[in-house]
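# Topology and contacts: notes
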Amino acid sequence: MREARQSATTGRLRFLPPTTEDGGEWSPNPRNQEEVNNAIKNMDFELVGIGGLTPTYKYVKWLSSQIKRIKPHIPIVAGNMVSTAIPEILLKNTDVDIAVIDEGEETCKELVKGLSEAKNLEDIDGIWFKRDSQIYQTKPRKRIEDLDSLPFPAWDLFPIETYLKSTIHIDY
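What you see is a predicted model; the values in this text were computed from it and never measured.

### Describing the pairing of strand 8 (residues 127-131)
By the bridge criterion, three bridges tie strand 7 (residues 98-100) to strand 8 in an arrangement that is antiparallel. Bridge pairing in strand 8 links Val-100 to Ile-127. Sheet topology places strand 8 next to strand 9 (residues 134-137); four bridges connect them, and they run antiparallel. Each bridged residue has a counterpart across the sheet, and for Lys-130 the counterpart in strand 9 is Ile-135. The hairpin formed by strand 8 and strand 9 contains two residues between the paired strands, and Asp-132 there has a positive phi angle of roughly 55°.

Listed below in structure tokens is the structure:
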């Protein structure tokens, strides 16, 4: 998939900013619902990942509905506590397709690769997913015992300033 590439220095997935139809990069700083919808329409992407704590549930529900309304074929993956704490509620009541449970480092790498190769989701540990209005749970992924074995994030590849100054208010 175009958005995920393995970094030669860290061995981790690197997510590139989506591009607009004219080839420019989209800034993740929309200010209202119209800007969000325009960004979704104009961006070129093959997968959406949404993460957040459980209180972001209402926003995740709204954002996933906008994405599916505009680009219904795009898989939506949720992670962090919003998916770990309430995976069945999340999948039953939102347009999220896949919930990554607990630690996502290995699961996300395997999931992106599996989706790009049309692998059976049942073979990917650590997720819940829906297919044909049914919800499925795979076996839990084994925890990473040595967290020091994980490389540090490549913060130089992430536009942290954009997120720090980002303010968005959307009535959803």
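After that view, the rundown keeps rolling.
### Examining the environment of Gly-51
Looking at where Gly-51 falls in the secondary structure, it is placed in strand 5 (residues 48-51). Looking at Gly-51, the relative accessible area reads 56%, which means it is exposed. Through-space distance from the C-alpha of Gly-51 to that of Val-77 is 8.4 Å; in sequence the pair is 26 residues apart. Setting aside residues no more than four positions away along its own chain, Gly-51 makes contact with Gly-79 and Asn-80.

### Some details on the sheet that holds strand 6 (residues 76-79)
Taken together, the five strands give an open sheet; going across it, the order is 5-6-7-8-9, and neighbouring strands pair in mixed fashion. With one partner strand each, in any of the chains shown, strand 5 and strand 9 form the two edges of the open sheet. The average undirected angle you get between the axes of adjacent strands in this sheet is 20°. Running over the sheet, helix 5 (residues 105-116) touches strand 6, strand 7 and strand 8 and is turned about 155° from strand 7.

### Overview of the confidence of the model for the protein chain
On average, residues of the protein chain score 81 in pLDDT, and 76% of them reach the 70 mark or higher. Scored below 50 in pLDDT, residues 1-21 shows 57 contacts in the model against residues more than four places distant or in partner chains.

### Some remarks on helix 1 (residues 33-42)
Listing the buried residues of helix 1 in full gives Val-36, Asn-37, Ala-39 and Ile-40. Down the axis of helix 1, the smallest arc covering the buried residues is 160°, so these residues share one side. Buried residues in helix 1 make contact with strand 4 (43-44) and helix 2 (57-70).

### Topic: the packing of helix 1 against helix 2
Two elements in contact, helix 1 and helix 2, have axes whose closest approach is 10 Å; the angle formed by their N-to-C orientations is 45°. When the axis of helix 1 is compared with that of helix 2, the two are oblique. In terms of crossing hand, the pair formed by helix 1 and helix 2 is right-handed. Listed contacts from helix 2 to Gln-33, Val-36, Asn-37, Ile-40 and Lys-41 of helix 1 are Trp-62, Leu-63, Gln-66, Ile-67, Arg-69 and Ile-70. Looking at side-chain class alone, the contact of helix 1 with helix 2 contains six nonpolar, three polar and two charged residues.

Conventions adopted
- Residues numbered from 1 in each chain as written.
- Predicted model: local features only at pLDDT ≥ 70, side-chain atom pairs only at ≥ 80, totals over all residues.
- Heavy atoms only, no water.
- Pairing = 2+ DSSP bridges.
- Helix = DSSP H or I, 4+ residues; strand = E, 2+ residues; numbered from the N terminus.
- Buried < 20%, exposed > 50% of the residue type's maximum accessible area, 1.4 Å probe, protein only.
- Contact = heavy atoms within 4.5 Å.
- Axes fitted to C-alpha atoms, helices over the stretch in contact; angles between N-to-C directions.
- pLDDT = per-residue confidence, 0-100.
- Arc of directions from axis to C-beta.
- Parallel < 35°, antiparallel > 145°, perpendicular 65-115°, else oblique.
- Left-handed = near helix turned anticlockwise from the far one by under 90°.
- Nonpolar A, V, L, I, M, F, W, Y, C, P; charged D, E, K, R; others polar.

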